[in-house]
Amino acid sequence: NFHDYDLIIVGAGFFGATVAERAANQLGKRVLIIDRRSHIGGNAYSENDRQTGIEVHKYGAHLFHTPNRTVWDYLSRFTRFTDYRHRVFTSYRNQVFAMPINLGTICQFFGRQFSPDEARALIAAQAAELEGRVPRNLEEKAISLIGRPLYEAFIRGYTAKQWQTDPRDLPESIITRLPVRYNFDNRYFNDPYEGLPVDGYTAIFKRMLDNPLIDVQLATDYFAVRQAIPSDKTVVYTGPIDRYFDYRAGELKWRTIDFQEEVLPVGDFQGTAVMNYADEDVPYTRILEFRHFNPERDYPADRTVIVREYSRFATRADEPYYPVDTLEDRRTYLAYRKLAEEETGVIFGGRLGTYRYLDMHQAIGAALKSFETEVSPRLIGAERAA
Ligand code: FAD
Ligand code: UDP
């Protein structure tokens, strides 16, 4: 019965779970979280593979990292972190290179030793083809950062497979996620805080939601129960924003991934957690080998779990994972943003609700902020009115 709750949250991912945790633990409010999936955790959900016990992130590799001390401290209330540091390698024409592009990648690719300054000069000379223009899209931005040869080897094919969109139609923000380093540091992330949850991702959500004031109702689609929710209830909605408004301003484009999972009878398949495949004629973008995320665990020595990722455009029936975010999508999103502002009583949040490429720490940070500025004032206001 929806009347029993002060707050209804749609989606049990990091955004929804953070708001629920705050509303219950800080304000003592009664919260109902519904999710259409049969589990909590949203896309960060993981479970241990039945045959091997290896923790598998069911919606792709999830690496926790953040520059934000507040978010790190907040999440540390619900988990300890391992000292895992993410490193990625990429396979190109049957050779293996370190990603993101660093001095090691540059020396190996051009087949000679470069000092940091020599490498900078080389890339600057290659970037000169832009003739000082401000980069306007992913391709130009990449060329400005790494020059055309490295772009064509490591970025163009991978990006084409991942986004199925001309790199000249993609926003440069996608590529600025990757650092370029003129030293031999091959860590994937620059953030000061990084690690994987000692007991896995799902344990975090169990602890966040472990309060008798919070009820979780799984396998429940918001749109199937929406009519029964009293109109004066505050709702936090973290599903796709275009779906909320019945696509009336058009459809926002998303990319989905097909995960092809296999248990193999070998102790180590590829020697590392993530191997990207830069060649366009390899149909998958990368292979994950989950045992390498948790070298501290006692996993079987003769079996391993791998996942191949195949990327494609999402239809309405697919899980939307990445906003494609072309200029047209931006315009469509702005139309929804306006509708959302007029939708009193409903707060839109999270990756799907704001059509933004959010990492976990950003989803948590956004949820903490939304709680302070939108959710909490509304709940306290409702209390005063009553
Ligand atoms: P979600 O986790 O997507 O949660 C939204 C929830 O809403 C879902 O559980 C969904 O089922 C539910 N929902 C939607 N519609 C309805 C409805 N109608 N009714 C009921 N429930 C509904 N971040 C990192 O920091 N590091 C990484 O390495 C990383 N890797 C990623 C890899 C992949 C392949 C993907 C897809 C994401 C990755 N992320 C990573 C991002 C991370 O998953 C997000 O930051 C995080 O999940 C955002 O949380 P959220 O609560 O906004 O959304
Ligand atoms: N990218 C690439 N080659 C790689 C890795 C990344 O071209 O080997 C590009 C690609 O466009 C990708 C973007 O850089 O979408 C961001 O990479 P990240 O690993 O952050 O993407 P994610 O795995 O989160 O999609």
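Computed from a prediction, not measured in an experiment: that's the story for all the values here.

Enquirer: Before we go on, may I ask you to explain the overall build of the protein in this structure?
Expert: The secondary structure content of the protein amounts to 12 helices and 16 strands. Against the compact-globule benchmark of 21 Å for 386 residues, the protein has a radius of gyration of 22 Å, which places it among compact chains. When each of the 386 residues of the protein is scored for burial, the buried share is 40%. Residue pairs in contact within the protein that sit at least 24 positions apart in sequence constitute 76% of those at least 6 positions apart.

Enquirer: Can you help me understand the packing of helix α2 (residues 69-76) against helix α12 (residues 360-385) in this one?
Expert: If you want to describe how two helices pack, look at the angle between their axes and the distance between the axes. For the pair α2 and α12, interaxial distance at closest approach is 10 Å and the crossing angle is 90°. With respect to α12, the element α2 is oriented roughly perpendicular. Packed against α2, whose contacting residues are Val-71, Tyr-74 and Leu-75, the element α12 presents His-361, Ile-364, Gly-365 and Leu-368 at the interface. Taken together, the residues of the contact of α2 with α12 break down into five nonpolar, two polar and no charged.

Enquirer: Help me out: how do you make sense of the nonpolar core in this one?
Expert: Across soluble globular proteins, nonpolar side chains have a tendency to be buried as a group. Ile-9, Val-19, Ala-20, Val-31 and Ile-33 are the most contacted members of the largest nonpolar core, which totals 93 residues. If near-sequence neighbours (up to four positions away) are discounted, Val-19 is found in contact with Ile-9, Val-236, Ala-367, Ser-370, Phe-371 and Val-375.

Enquirer: Even after reading the chapter, I still don't get the packing of helix α1 (residues 14-25) against α12, so can you show me in this structure?
Expert: It is the contact of α1 with α12, at a shortest axis distance of 8 Å, that shows an interaxial angle of 40°. In terms of orientation, α1 and α12 fall into the oblique class. Viewed along their axes, α1 and α12 form a crossing whose handedness is right-handed. Along the contact surface, α1 presents Phe-14, Phe-15, Thr-18, Val-19, Arg-22 and Ala-23, while α12 presents Met-360, Ala-363, Ile-364, Ala-366, Ala-367, Leu-368, Ser-370, Phe-371, Val-375 and Leu-379. Taken together, the residues of the contact of α1 with α12 break down into 13 nonpolar, two polar and one charged.

Enquirer: How should the site of ligand 2 be read in this particular structure?
Expert: In the vicinity of ligand 2, 13 residues are found, and the nearest of them are Ile-155, Tyr-158, Thr-159, Arg-177 and Asn-276. If you list the elements that add at least two residues to the shell around ligand 2, you get α5 (138-163) and α6 (173-176). The element that contributes the greatest number of residues to the shell around ligand 2 is α5, accounting for five residues. A class-by-class count of the residues in the shell around ligand 2 yields eight nonpolar, four polar and one charged.

Enquirer: Which parts of the structure should I look at to understand the site of ligand 1?
Expert: Taken together, the neighbourhood of ligand 1 is formed by 35 residues, with Gly-11, Gly-13, Gly-42, Gly-60 and Gly-350 sitting nearest. Contributing elements (two or more residues each) for the shell around ligand 1: α1, α8 (222-225), α11 (350-353) and α12. Residue composition of the shell around ligand 1, grouped by class: 18 nonpolar, 11 polar and six charged.

Enquirer: Honestly, α1 in this entry has me stumped. Any pointers?
Expert: Since the α-helix advances by 3.6 residues per turn, residues separated by three or four positions end up pointing in the same direction. The terminal C-alpha atoms of α1 lie 16 Å apart, and with 12 residues this matches the ideal 16 Å at 1.5 Å per residue to within 8%. Taken across its 12 residues, α1 has 11 buried, putting it largely inside the fold. Listed in full, the buried residues belonging to α1 are Phe-14, Phe-15, Gly-16, Ala-17, Thr-18, Val-19, Ala-20, Glu-21, Arg-22, Ala-23 and Ala-24.

Enquirer: It is not clear to me how the sheet that holds strand β16 (residues 346-348) should be interpreted in this structure. Could you clarify?
Expert: By way of backbone hydrogen bonds, the strands of a sheet pair with one another, either parallel or antiparallel. If you walk across this open sheet you meet the five strands as β9-β2-β1-β10-β16, and the pairing is parallel. Only two strands of the sheet have a single partner each, and these edge strands are β9 (214-217) and β16. Along the sheet, successive strands turn relative to each other by an average axial angle of 20°, direction set aside. Examined bridge by bridge, strand β1 (residues 7-10) and strand β2 (residues 31-34) share four bridges and lie parallel to one another. If you follow Val-10 over to β2, its bridge partner there is Ile-34. Each of β1, β10 (234-237) and β16 is contacted by α12, which is oriented at about 155° to β10, the strand it contacts most.

Enquirer: Sorry if this is basic, but what is going on with the pairing of strand β12 (residues 274-277) here?
Expert: The side chains of a regular strand alternate, residue by residue, between the two faces of the sheet. As judged from the four bridges shared by strand β6 (residues 88-92) and β12, these two strands associate in the parallel manner. In the strand pairing of β12, Phe-89 is matched with Met-275. Of the strand pairs in this sheet, β12 and strand β13 (residues 286-289) are connected by three bridges, and their pairing is antiparallel. When the sheet's bridge partners are listed, Asn-276 is paired in β13 with Arg-286.

Enquirer: Help me understand the UniProt feature "domain: UDP-galactopyranose mutase C-terminal" (unreviewed entry) in the protein in this model?
Expert: Cross-referencing UniProt, the feature "domain: UDP-galactopyranose mutase C-terminal" (unreviewed entry) maps to residues 153-357 in the present numbering. With 25% helix and 22% strand, residues 153-357 has end C-alpha atoms that lie 25 Å from one another.

Enquirer: Looking at this structure, I do not really get α2. What am I missing?
Expert: Along α2, the positions that sit buried rather than exposed are Val-71, Trp-72, Tyr-74 and Leu-75. Along α2, the residues classed as buried sweep out an arc of 165° about the axis, all on the same side. Facing away from the buried side of α2 by over 90 degrees, the exposed positions are Arg-69, Thr-70, Asp-73 and Ser-76. Buried residues along α2 sit in contact with β5 (64-66), β8 (193-195), α7 (201-208) and α12.

Enquirer: Explanation requested: the environment of Gly-157 in the structure shown.
Expert: For Gly-157, the location among the structural elements is in helix α5. Residue Gly-157 is classed as partly exposed on the basis of its C-beta count, with 18 C-beta atoms lying within 10 Å. With 122 residues separating them in the primary sequence, Gly-157 and Asp-279 have C-alpha atoms 5.8 Å apart.

Enquirer: Please clarify how the sheet that holds strand β11 (residues 254-264) should be interpreted in this entry.
Expert: Spatially, the seven strands line up as an open sheet ordered β7-β6-β12-β13-β14-β11-β15, and their pairing is mixed. Looking along the sheet, the strands with just one partner apiece sit at the ends: β7 (95-99) and β15 (322-323). Where β11 meets β15, two bridges bridge the pair, whose relative direction is antiparallel. When the bridges of β15 are listed, Arg-255 appears paired with Tyr-322. Across the face of the sheet, α5 comes into contact with β6, β11, β12 and β14 (304-313) while running at roughly 95° to β6.

What counts as what
- Residues numbered from 1 in each chain as written.
- Chains lettered and ligands numbered in written order.
- Predicted model: local features only at pLDDT ≥ 70, side-chain atom pairs only at ≥ 80, totals over all residues.
- Helix = DSSP H or I, 4+ residues; strand = E, 2+ residues; numbered from the N terminus.
- Rg over C-alpha atoms; globule rule 2.2 N^0.38 Å.
- Buried ≥ 20, exposed ≤ 12 C-beta atoms within 10 Å, placed from the backbone.
- Contact = placed C-beta atoms within 7 Å.
- Axes fitted to C-alpha atoms, helices over the stretch in contact; angles between N-to-C directions.
- Parallel < 35°, antiparallel > 145°, perpendicular 65-115°, else oblique.
- Nonpolar A, V, L, I, M, F, W, Y, C, P; charged D, E, K, R; others polar.
- Core = buried A, V, L, I, M, F, W, Y, C linked by C-beta atoms within 7 Å.
- Left-handed = near helix turned anticlockwise from the far one by under 90°.
- Near = placed C-beta within 6 Å.
- Expected span 1.5 Å × (residues − 1).
- Pairing = 2+ DSSP bridges.
- UniProt positions renumbered as here; feature names shortened; annotations may be inferred.
- Arc of directions from axis to C-beta.

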